[in-house]
Amino acid sequence: MISARGLHKSFGDFEAVRGIDVEVRRGEAFGFLGPNGAGKSSTMRMVAAVSPVSAGELRILGLDPATHGPDIRARIGVCPQDDTLDLELNVLDNLYIYGRYFGIGRKELRERCDQLLDFVQLGEKRHAKVDDLSGGMKRRLTIARSLVNRPELLLLDEPTTGLDPQARHVLWDRLFRLKQQGVTIVLTTHYMDEAEQLCDRLVVMDAGRIVAEGSPAQLIRDHSTREVAELRFGPEQHDDHEQIAVRVADVVGDAGRVEVLPDRLLLYTADGEAAVQAVMERGLHPVATLVRRSSLEDVFLRLTGRSLVD
Amino acid sequence: MSHSTLAPRLADYWLTIYRRTWKGTVVSSFVTPLLYVVSLGVLLGGFVEADPARLDGATSYVDFVAPGMLAAASMQLVFSQLTYNVFGGIRWHKTYYAMTATPLGVADVVQAQVGYVLARVLLGALVFCLVLAPFGIFASVGGGVVAVAVQALVALAFATPVFAFSAWISHESAFALLFRLGMLPLFLFSGAFFPVDNLGPALSRLATVSPLWHGVELTRMASLGTWQAGPALLHVAYLAVLGVVGYLLAVRALTRRLVS
Ligand SMILES: Nc1ncnc2c1ncn2[C@@H]1O[C@H](COP(=O)(O)OP(=O)(O)OP(=O)(O)O)[C@@H](O)[C@H]1O
Ligand SMILES: [Mg+2]
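Residues numbered from 1 in each chain as written. Chains lettered and ligands numbered in written order. Predicted model: local features only at pLDDT ≥ 70, side-chain atom pairs only at ≥ 80, totals over all residues. Heavy atoms only, no water.

A tally of regular secondary structure across chain A gives 11 helices and 13 strands. Seen along its three principal axes, the alpha-carbon backbone of chain A occupies a region of about 75 × 45 × 35 Å. For chain A, buried positions account for 54% of its 310 residues. Long-range pairs, those at least 24 residues apart, make up 68% of the contacts in chain A between residues at least 6 apart in sequence. Here chain A has roughly 13,800 Å² of accessible surface; of this, 46% comes from carbon and sulfur atoms. (Helix = DSSP H or I, 4+ residues; strand = E, 2+ residues; numbered from the N terminus. Buried < 20%, exposed > 50% of the residue type's maximum accessible area, 1.4 Å probe, protein only. Contact = heavy atoms within 4.5 Å. Areas by Shrake-Rupley, 256 points an atom, 1.4 Å probe, with all protein chains shown as cover.)

Okay, here's the thing in structure tokens:
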């Protein structure tokens, strides 16, 4: 569906995307994960055939966006990072007018609009002004809009950023259903749980480059340990974190490591409980401890030395 | 890649926008020409004792000024429709971004919006002429119809350059300049209210650069029935060239804004 080789995007002297290779297969849910400014949106906009490629090769549905932009855009659905809904039109008109841009006949389009509004649970809001919708409702409307042309490929740039947990789960459910219907989904996100829930495969981007690639489970296996013990100390001890890290360095075992964050220490180890036990035995008294499984967040921290969500 | 225009796909959008606004414009589109023709044509015209030989063949001031007002009103409608609306579509409402995420291209978007404004100008001109007709302004019914049709050309000559300007500028404060240094002098000194000869030889030659002057002359020929083939062709060509050049610039300017 998407094939990129050495893809670059420059804005003047600044290189936002610095040569990435990506293959997305039909029916797959593929994720771009990365912190602010990683180049996710720049990549998505090139794939959406609205932003010209600076260098490298890009094919979407087998077509070159430089020469077949309208043909590509006719067959994909795009949910941009910032909503581009028309605030002057009501909910239904936003959907209907957008559908007309694809040349969909009026009768057919009216049916699709009804179905889509039901699908994103906005049927009762059909005559509401877009301005009066909540953030989550706007996002759902944008997603409905991106589906109006029955796209083969759906591009979602941070579909759930700014939504409350319940709204996110509703959206995830809808995206999951689309995937089951055979729609290829490409999304960007800051959220590890989102990537783990939705993506078959993903790439981690940082500063315009791909730093890792694989399925969520595979990435965790390759770049982290099975468990993580989080240790929180009182604020008076925050300055001593480095020192404490040295004292507990050997409890994590050969494959493990210790990560120092401003507010806590992370012990990467196969057995979290055992590590916490060993720490206590050394006379250290964290105010709180938590043992959990490794997540993509940890993979990201490992690969870039930075937290994903600031 | 060359494909036929997709601009008609934007028709429903512009119809919806028009449906939201027409009620607010309907009263003023009837009243404005009436106020103009009564105040300028009849009342002010009562004081104007101009030599008919210097009124482009009009026999009274009201006959002279009415077609001028029609063309000037067409220009004003274009300015009101294609300044903040275009700028806002890029900066505030992001409507153009939504449009160009679909098969529509920048050229389709420009064509559709210019088409919408042309339609509104034609509608406004029709009302204007219906209101003026009882004052015996038009030499013939056909002349009135042609005067209306000419407004499409007048509108085109302004629409595409104004669109280009609005897409080009980086701050809305530029509109104040456009209105004061662009539209207002054009409005006053393009022969709508007095013959440009009154400006003296140098300035009157300058006035012939004004697209509105060409529009006024053309409209006046239609309404008075004083056609002269040579000058008429020149006016048409001048306005058409402006429209085409403005179109190319508008597409370029909007592309620069939307495609990065
Ligand atoms: N139109 C533009 N002009 C200049 N620089 C840009 C433009 N768009 C993006 N950039 C820059 O390119 C870099 C990557 O931006 P991009 O929006 O692709 O990041 P992102 O991964 O989507 O980040 P976020 O998570 O914040 O959305 C940033 O440094 C940004 O400032
Ligand atoms: Mg982004």
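Let's pick the thread back up.
Before going further, it helps to spend a moment on the interface of chain A and chain B. The partner chain B presents 24 residues to the 27 residues of chain A that form the contact. With both chains or domains summed, chain A and chain B bury close to 2,200 Å², and 57% of this area falls on carbon and sulfur atoms. It is Arg73, Glu88 and Tyr101 of chain A that lose the most area in chain A upon contact with chain B, and together they represent 30% of the buried surface on that side. Seen at the junction of chain A and chain B, the total is two salt bridges. Of the charged contacts in the structure, one is a salt bridge between arginine 106 of chain A and aspartate 12 of chain B, with a shortest N-O distance of 2.9 Å. At the boundary of chain A with chain B, the tally comes to 10 residue pairs in polar contact (both at pLDDT 80 or more). Secondary structure elements with two or more residues in the side of chain A that touches chain B: β1 (2-11), α2 (65-75) and α3 (91-101) of chain A. Among the residues forming the side of chain A that touches chain B, the class breakdown is 12 nonpolar, five polar and 10 charged. (Buried area = accessible area lost by both parts, 1.4 Å probe. Salt bridge = Lys/Arg side-chain N within 4 Å of Asp/Glu carboxyl O. Polar contact = N/O pair within 3.5 Å; in protein donor to acceptor, adjacent residues only side chain to side chain. Nonpolar A, V, L, I, M, F, W, Y, C, P; charged D, E, K, R; others polar.)

On to the packing of aromatic side chains, then. Counted according to the given criterion, the structure contains 15 aromatic pairs over all chains. Judged by centre distance (6.4 Å) and plane angle (70 degrees), the rings of tyrosine 18 of chain B and tyrosine 116 of chain B are edge-to-face. Taken together, the residues tyrosine 18 of chain B in helix α1 (residues 11-44) and tyrosine 116 of chain B in helix α5 (residues 106-132) connect sequence positions 98 residues apart. Residue classification places tyrosine 18 of chain B among the partly exposed residues on the basis of a relative accessible area of 23%. Centroid distance phenylalanine 87 of chain B to tryptophan 92 of chain B: 5.4 Å. Interplanar angle 75 degrees. Geometry classified as edge-to-face. Among the aromatic residues, those joined into a ring-pair cluster are Tyr84, Phe87, Trp92, Phe165 and Phe175 of chain B. Directly above the aromatic system of tyrosine 98 of chain A lies the positively charged group of arginine 145 of chain A, at a separation of 4.3 Å from the ring centroid. (Phe/Tyr/Trp six-rings, centres within 6.5 Å; stacked < 30°, edge-to-face > 60°. Lys NZ or Arg CZ within 6 Å of the ring centre and 35° of its normal.)

What follows is about the nonpolar core. Side chains of a nonpolar character, in soluble globular proteins, are inclined to be buried together. Ile185 and Leu296 of chain A together with Tyr96, Phe163 and Leu254 of chain B are the most contacted members of the largest nonpolar core, which has 132 residues in total. Top element by residues in this core is α5 of chain B. It accounts for 13 residues. Here isoleucine 185 of chain A is in contact with Glu28, Ala29, Phe30, Leu154, Leu156, Leu175, Leu178 and Lys179 of chain A, once residues within four sequence places are set aside. Listed in part, the 27 residues of the second largest apolar core include Val22, Val47, Leu58 and Ile72 of chain A. (Core = buried A, V, L, I, M, F, W, Y, C linked by side-chain atoms within 4.5 Å.)

Residue and element names in this part refer to chain A. Here glutamate 259 lies in strand β11 (residues 257-260). Within the local environment of glutamate 259, its side chain forms a polar contact with the side chain of arginine 257, the two groups lying 2.4 Å apart. Discounting chain neighbours no more than four positions away, the residues touching glutamate 259 are Arg264, Leu265, Leu266, Tyr268 and Leu301.

What follows is about the site of ligand 1. Looking at ligand 1, there are 15 residues lining it, with Asn36, Gly37, Lys40, Ser41 and Ser42 of chain A nearest. Near ligand 1, the surrounding residues are drawn from chains A and B. One of the side-chain nitrogen or oxygen atoms of serine 41 of chain A is found 2.7 Å away from an oxygen atom of ligand 1. Between histidine 190 of chain A and ligand 1, the recorded distance is 3.2 Å, taken from a side-chain N or O atom to an oxygen atom. Summarising the interface, the protein chains cover 64% of the accessible area of ligand 1, which totals 640 Å² for the free molecule. Secondary structure elements with two or more residues in the shell around ligand 1: β2 (14-24) and α1 (40-47) of chain A. (Near = heavy atom within 4 Å.)

Let's shift gears to empty space enclosed by the protein. Residue and element names in this part refer to chain A. Here the structure, examined in full by the defined rule, presents three cavities of 30 Å³ or more. As a volume, the largest cavity reaches approximately 90 Å³. Counting residues per element, the lining of the largest cavity draws most heavily on α3, at four residues. Classifying every residue of the lining of the largest cavity gives eight nonpolar, three polar and two charged. (1 Å grid on protein atoms, 1.4 Å probe; cavity = no way out; pocket = protein on both sides within 12 Å on 5 of 7 lines; lining within 4 Å. Points joined across faces, edges and corners; volume = space filled by probe spheres on them.)

Let's shift gears to the coordination of the magnesium ion (ligand 2). Residue and element names in this part refer to chain A. The magnesium ion (ligand 2) binds to the protein through Ser41 (OG) and Gln81 (OE1), with metal-donor distances spanning 1.9 to 2.1 Å. Here the residue serine 41 occupies a position in helix α1, and glutamine 81 occupies one in the loop between β5 (76-79) and α3, the gap between them amounting to 40 residues. Exposure remark for glutamine 81: the relative accessible area of 35% places this residue in the partly exposed category. (Donors = N, O, S within 2.8 Å, 3.2 Å for Na, K, Ca; no water.)

Applying the stated criterion to the full structure yields zero disulfides over all chains. In this structure cysteine 79 of chain A is not part of a disulfide, and its nearest cysteine sulfur, from cysteine 199 of chain A, lies 14 Å away. (Disulfide = S-S within 2.5 Å.)

Before going further, it helps to examine the domain arrangement of chain A. Taken domain by domain, chain A holds domain 1 (2-215) and domain 2 (225-293). The straight-line distance from the C-alpha centre of domain 1 of chain A to that of domain 2 of chain A is 40 Å. (Domains from an automatic or database assignment.)

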